[in-house]
Amino acid sequence: MPMSKYDVFELVTHLRKCPDIYLEPSSLIENEGLNSIALVCDTYRIVCNDFLKKEFKKPSDFNLAYIGDNHWRAIHISIWLLSHRNFINSALIEDKLYNFWFEELSEASLYVKFKEWISDDERAEEMVRLLLDCCEIIPDGENQDEAADKLSSLSSADRQKVLKQSYEAHERIMNIKREMAEKKAREAANTYGRE
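Residues numbered from 1 in each chain as written. Predicted model: local features only at pLDDT ≥ 70, side-chain atom pairs only at ≥ 80, totals over all residues. Heavy atoms only, no water.

Details of the overall build of the protein chain
Link 1 in the chain: Counting its regular elements, the protein chain contains 9 helices and 0 strands.
Link 2 in the chain: When the helices and strands of the protein chain are placed in sequence order, the string is α-α-α-α-α-α-α-α-α.
Link 3 in the chain: Computed over C-alpha atoms, the radius of gyration of the protein chain comes to 23 Å, more than 25% over the 16 Å expected from 2.2 N^0.38 for 195 residues, which places it beyond the range of a compact globule.
Link 4 in the chain: Along the three orthogonal principal directions, the C-alpha set of the protein chain runs to about 90 × 45 × 30 Å.
Link 5 in the chain: The 195 residues of the protein chain split such that 40% are buried.
Link 6 in the chain: Within the protein chain, residue pairs in contact and separated by at least 24 positions form 76% of the contacts whose partners lie at least 6 positions apart.
Link 7 in the chain: About 11900 Å² of surface is accessible on the protein chain, with carbon and sulfur atoms providing 51% of the total. (Helix = DSSP H or I, 4+ residues; strand = E, 2+ residues; numbered from the N terminus. Rg over C-alpha atoms; globule rule 2.2 N^0.38 Å. Buried < 20%, exposed > 50% of the residue type's maximum accessible area, 1.4 Å probe, protein only. Contact = heavy atoms within 4.5 Å. Areas by Shrake-Rupley, 256 points an atom, 1.4 Å probe, with all protein chains shown as cover.)

Let's talk about the side chain of His76
Link 1 in the chain: Within the secondary structure layout, His76 lies in helix H4 (residues 69-81).
Link 2 in the chain: For His76, a relative accessible area of 0% translates into the label buried.
Link 3 in the chain: Leave out the neighbours within four places in its chain, and His76 touches Tyr22, Glu24, Pro25, Ser26, Leu34, Ser36 and Leu39.

A short note on the packing of aromatic side chains
Link 1 in the chain: Taken as a whole and judged by the stated rule, the model has 6 aromatic pairs.
Link 2 in the chain: Measuring from ring centre to ring centre gives 6.2 Å for Trp72 and Phe102, while their planes differ by 85 degrees; the resulting arrangement is edge-to-face. One end of the pair, Trp72, is in helix H4; the other, Phe102, is in helix H5 (residues 97-108), with 30 residues separating them in the sequence.
Link 3 in the chain: The class for Phe102 is buried, based on a relative accessible area of 9%.
Link 4 in the chain: An aromatic cluster is built from Tyr44, Trp72, Tyr98, Trp101 and Phe102, whose rings are joined through pairwise contacts.
Link 5 in the chain: The aromatic ring of Tyr98 is capped on one face by Lys57, whose charged end is 4.5 Å from the ring centroid. (Phe/Tyr/Trp six-rings, centres within 6.5 Å; stacked < 30°, edge-to-face > 60°. Lys NZ or Arg CZ within 6 Å of the ring centre and 35° of its normal.)

Section: H5
Link 1 in the chain: All buried positions along H5 are accounted for by Leu97, Tyr98, Phe100, Trp101, Phe102, Leu105 and Ala108.
Link 2 in the chain: At its buried positions, H5 is contacted by helix H2 (36-48), H4, helix H6 (116-119) and helix H7 (121-134).

Considering a negative patch on the surface
Link 1 in the chain: A grouping of Asp20, Glu24, Glu30 and Glu32 is seen on the molecular surface, where their side chains present a negatively charged patch.
Link 2 in the chain: Looking at the secondary structure, you find Glu30 in the loop between helix H1 (8-15) and H2. (Patch = residues over 30% accessible without salt bridge, like charges linked within 9 Å, V, L, I, M, F, W, Y side chains within 5 Å. Salt bridge = Lys/Arg side-chain N within 4 Å of Asp/Glu carboxyl O. Lys, Arg positive; Asp, Glu negative; His and termini not counted. Charge placed at Lys NZ, Arg CZ, Asp CG, Glu CD.)

Read these as layout, nothing more, since geometry by itself doesn't imply function.
The following block contains the structure:
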């Protein structure tokens, strides 16, 4: 698979032109919504260029029930991204799409509202880079380390972890200060009580 095909800017531009129909909810959540499973299966067919294929890796019916609306809509948007000519007839990525849709996008969707994948430049680039990373494709003009650094700097999940760690560190500092103040107050009270 030649690397030069995968230009991040070109893919982000394509992603941001996502038609409104892809923003519809899943029919698994609303009767009027898109048939998400059909979209996923059709995308597998397009990617592997085998339109007679009938077996695809998808979540069990039990697990499908746990996919929320925001995550489904992110999957729909990513299906638009995968309609880009660079992904058509790319059988090597077929077995990597499940992880992208149902693991990586699942985690990212905890922190990103689905419309932000299109409306926000950084979130659009994050989706493009997440897809390329899951498919083990290095973007044009980058090496593996550069690609990993850029994805890490954009990762919504990583940013949340950093915020959580800094919040927890702040909480620890505040608890220590409070305990020291309480100890000081107790010592002052003890001293006062002895006089």
